[in-house]
Amino acid sequence: MDTFRHLAAHLGLDLAAVCLLTFAVYYPRHRRRDLVPAYLALNVALFTVVAALAEVGGSGGTALGFGLFGVLSIIRLRSDSVQHEEVAYYFTTLVLGLLCGLPHLDFRISAALSAVLLAVIYVADHPRLLARARRTVVTLDTVHGDPGQLRADLARRLGEPLNWTVMEVDFVRDLMVVDVRYLEPRPGTGTRLALAPEQAHRATPAWESA
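A brief structural summary. (Residues numbered from 1 in each chain as written. Predicted model: local features only at pLDDT ≥ 70, side-chain atom pairs only at ≥ 80, totals over all residues. Heavy atoms only, no water.)

**So, the side chain of Thr-93**
As a reminder, the rule being used: Helix and strand assignments come from DSSP, with helices taken as H or I runs of at least 4 residues and strands as E runs of at least 2, each series counted from the N terminus. Throughout this description, buried means an accessible area under 20% of the type-specific maximum (1.4 Å probe, protein chains only), exposed means over 50%, and partly exposed covers the range between.
Take Thr-93: it is sitting in helix α4 (residues 84–101). In this structure Thr-93 comes out as buried when scored by relative accessible area, which is 0%.

Next up, the structure:
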């Protein structure tokens, strides 16, 4: 009976932690409903298997190995539809299931480590942290041979360029594709300049937060 109570306490801790992560931190900030069941299912599934393996193995070494394998395997879930910050939530979800699923780990230690994980991701993904930093991929219908001219063009259109990578140059169609990291101008500063029609180049950005 003590074993069941201990396991129930760990399960309650895991559910509380993953619900805080998903419904209090992730969804209010990113609004992707499709990833909510994925995070919950991954967490509970990992908790269930790790807890079961810990009971069978006795010491929990097998469960720990399985959990670490699950954390490392998250790399295989990376795709164009999942952003880098969402991968961080995948990591946190899996690690929470691993920590809480080990019944031989003291409950207070599990709770403390879970709190640390939640605090770190809360701060690291806070909207006010580096709020002006942005990333976008821009297609320009001109080819800049001079990096200074390219920087000035990007600054005029977007804000202060921090770094950029030229992804494609097409001399036939006279266009270039640039992946830009930049600081968005502060409201009312007038950093972006309006171009006359004869001076403007077409710019097609694919917006994405840094």
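Okay, back to it.
**Thoughts on the packing of aromatic side chains**
Geometry of an aromatic ring pair is reported as the spacing of the ring centres plus the angle between the planes. The following threshold applies: Ring geometry is summarised as follows: Phe, Tyr and Trp rings, the Trp one being its six-membered ring, pair when their centres sit within 6.5 Å, and such pairs are stacked at plane angles under 30 degrees, edge-to-face over 60 and tilted between the two. Charges are assigned to positions over rings by a cutoff of 6 Å between ring centre and Lys NZ or Arg CZ, combined with an angular limit of 35 degrees from the ring normal.
Scanning the model with the defined rule gives four aromatic pairs in all. Geometrically, the ring pair formed by Tyr-26 and Tyr-89 is edge-to-face, given 5.0 Å between the ring centres and 65° between the ring planes. One end of the pair, Tyr-26, is in helix α1 (residues 2–30); the other, Tyr-89, is in helix α4, and 63 residues separate them in sequence. You'll find Tyr-26 and Tyr-89 in the same group, each marked buried. Three or more aromatic residues link up through ring pairs in this structure, and these residues are Tyr-26, Tyr-39, Tyr-89 and Tyr-90. One Lys or Arg, Arg-29, reaches over the ring of Tyr-122 and ends 4.6 Å from the middle of that ring.

**Some words on unusual backbone geometry**
At Arg-31, a position not held by glycine, the phi torsion is positive, near 55°. Structurally, Arg-31 can be placed in the loop between α1 and α2 (35–57). Looking at Arg-31, the relative accessible area reads 56%, which means it is exposed. At Asp-174, a residue that is not glycine, the phi angle is positive and equals roughly 55°. With respect to the element layout, Asp-174 can be found in the loop between β2 (160–170) and β3 (175–183).

**Section: the nonpolar core**
Selection rule: Only buried residues count toward a nonpolar core. Its members are Ala, Val, Leu, Ile, Met, Phe, Trp, Tyr and Cys residues joined through side-chain atoms within 4.5 Å. A contact between two residues is defined here by any heavy atoms of the two lying within 4.5 Å.
If you look at the biggest cluster of nonpolar residues, it comprises eleven residues: Ala-17, Leu-21, Val-25, Tyr-26, Leu-35, Tyr-39, Tyr-89, Tyr-90, Leu-96, Leu-118 and Ile-121. Those elements that place two or more of their residues in this core are α1, α2, α4 and α5 (107–124). With four residues, the single largest contributor to this core is α1. Ignoring any residue separated from it by four or fewer positions in sequence, one finds Tyr-39 in contact with Val-18, Thr-22, Tyr-26, Glu-86, Tyr-89, Tyr-90 and Thr-93. Membership of the second largest hydrophobic core comes to nine residues, among which are Val-138, Leu-154, Met-176 and Val-180.

**Concerning the packing of α1 against α5**
Stated formally: Only the stretch in contact is used when fitting a helix axis, every axis being a line fitted to C-alpha atoms; angles between N-to-C directions are given from 0 to 180 degrees. Working definition: roughly parallel below 35 degrees, roughly antiparallel above 145 degrees, roughly perpendicular at 65 to 115 degrees, and oblique for all remaining angles. Residue polarity follows a fixed list, in which Ala, Val, Leu, Ile, Met, Phe, Trp, Tyr, Cys and Pro are nonpolar, Asp, Glu, Lys and Arg are charged, and the others, Gly among them, are polar.
Running from N to C, α1 and α5 cross one another at 5°; their axes reach a closest spacing of 11 Å. One element, α1, and the other, α5, form an angle in the roughly parallel class. Two secondary-structure elements touch here, α1 through Ala-9, His-10, Leu-13, Ala-17, Leu-20, Leu-21, Val-25 and Arg-29 and α5 through Phe-107, Ser-110, Ala-111, Leu-118, Ile-121 and Tyr-122. In terms of residue class, the contact of α1 with α5 is made up of eleven nonpolar, two polar and one charged.

**A few points about the packing of α4 against α5**
Here α4 crosses α5 at 175°, and the two axes come no closer than 10 Å. Considered as vectors, α4 and α5 are oriented roughly antiparallel to each other. Where α4 abuts α5, its residues Ala-88, Tyr-89, Thr-92, Val-95, Leu-96, Leu-99 and Cys-100 lie against Ser-110, Leu-113, Ser-114, Leu-117, Leu-118 and Ile-121. Broken down by class, the residue content of the contact of α4 with α5 amounts to ten nonpolar, three polar and no charged.

**Quick word on the environment of Pro-103**
For Pro-103, the location among the structural elements is in the loop between α4 and α5. Looking at Pro-103, the relative accessible area reads 9%, which means it is buried. The spatial distance from the C-alpha of Pro-103 to the C-alpha of Ala-52 is 9.4 Å, given a sequence separation of 51 residues. With near-sequence residues (within four places) excluded, Pro-103 lies in contact with His-6, His-10, Ala-51, Ala-54 and Glu-55.

Just distances and angles here, no functional claims.
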